[in-house]
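Fold and geometry: a report
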Amino acid sequence: MGDLYDIERVVPHRGTMRLVDRLVAWGEDSVAVEVRVPDEGPFCHAEGVPAWVGVEYMAQAIAAWAGCHARASGREPSIGFLLGTRRYESRVSWFRTGALLRVEATRELLGDNGLGMFSCRILGDGEELATANVSVFEPPDAMAYLETTQQ
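I will try to describe carefully the structure that is included in this document. What you see is a predicted model, and the numbers here were worked out from it, not measured in a lab.

Basis of the calculations
Residues numbered from 1 in each chain as written. Predicted model: local features only at pLDDT ≥ 70, side-chain atom pairs only at ≥ 80, totals over all residues. Heavy atoms only, no water. Helix = DSSP H or I, 4+ residues; strand = E, 2+ residues; numbered from the N terminus. Rg over C-alpha atoms; globule rule 2.2 N^0.38 Å. Buried < 20%, exposed > 50% of the residue type's maximum accessible area, 1.4 Å probe, protein only. Salt bridge = Lys/Arg side-chain N within 4 Å of Asp/Glu carboxyl O. Phe/Tyr/Trp six-rings, centres within 6.5 Å; stacked < 30°, edge-to-face > 60°.

From N to C terminus, the protein chain includes three helices and eight strands. Along its sequence from the N terminus, the protein chain presents helices and strands in the succession α-β-β-β-α-β-β-β-β-β-α. Its C-alpha atoms give the protein chain a radius of gyration of 15 Å, near enough to 15 Å, the size a compact globule of 151 residues would have. Judged by the C-alpha coordinates and their principal axes, the protein chain covers about 40 × 40 × 30 Å. When the 151 residues of the protein chain are sorted by exposure, 41% land in the buried category.

Structure below.
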């Protein structure tokens, strides 16, 4: 396990779009972060936060993993892209306000081209609430990549 960085140092999301709160653990192939389900914000409803937001919790856990590896190598975290999910299954419709969730991601594969796939799960009170395989892309130069896609 590596240093437990402040989440702001490893996840590029800011403001209300940073949905994960704390880095719990990370290693060569895995990461765990915590989310305290908020009662205010862009995804909040009276029932809590819809379970489909779990996909973004998972993506931000993966961003934390990549950011930890970047920091450990003396680099700044870079922008990555959520490409999609396979088999997202949730045993709940809502993550209840105030609940403490643990989001775990394990690297299944990562190519030299920046394409990767992670097996992810969300736990609440030790119970598995949601699972998915999440595909991501981290180009070597995210800004150059964004510029070429806009042309």
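A few words on the pattern of salt bridges. Under the defined criterion, the tally for this structure stands at 11 salt bridges. Its salt-bridge partner being R14, residue E8 comes within 3.5 Å of it at the nearest N-O pair. Of the residues examined, E8 reaches a relative accessible area of 32% and is grouped as partly exposed. Looking at R14, the relative accessible area reads 43%, which means it is partly exposed. Between E76 and R71 there is a salt bridge, with the nearest N and O atoms lying 3.1 Å from each other. One salt-bridge network, in which partners are shared between bridges, spans R91, R102, E104, R121 and E128.

Moving on: unusual backbone geometry. Residues other than glycine seldom take positive phi values, yet R87 does so here, at roughly 60 degrees. Looking at the element boundaries, R87 is found in strand β4 (residues 81-90). Of the residues examined, R87 reaches a relative accessible area of 56% and is grouped as exposed.

Our focus in this paragraph is the packing of aromatic side chains. Evaluation of the coordinates by the stated rule reveals five aromatic pairs. Ring centres of Y57 and F95 lie 5.8 Å apart, and the angle between their planes is 40 degrees; this geometry places the pair in the tilted category. Note that Y57 is positioned in helix α2 (residues 54-72) and F95 in strand β5 (residues 94-95), a separation of 38 residues in sequence. An identical accessibility class is assigned to Y57 and F95; each is buried. Residues F81 and F137 carry aromatic rings whose centres are separated by 6.5 Å and whose planes lie at 25 degrees to one another, so their mutual orientation is stacked. Linking F81 in strand β4 with F137 in strand β8 (residues 127-137), this pair joins segments that are 56 residues apart in sequence.

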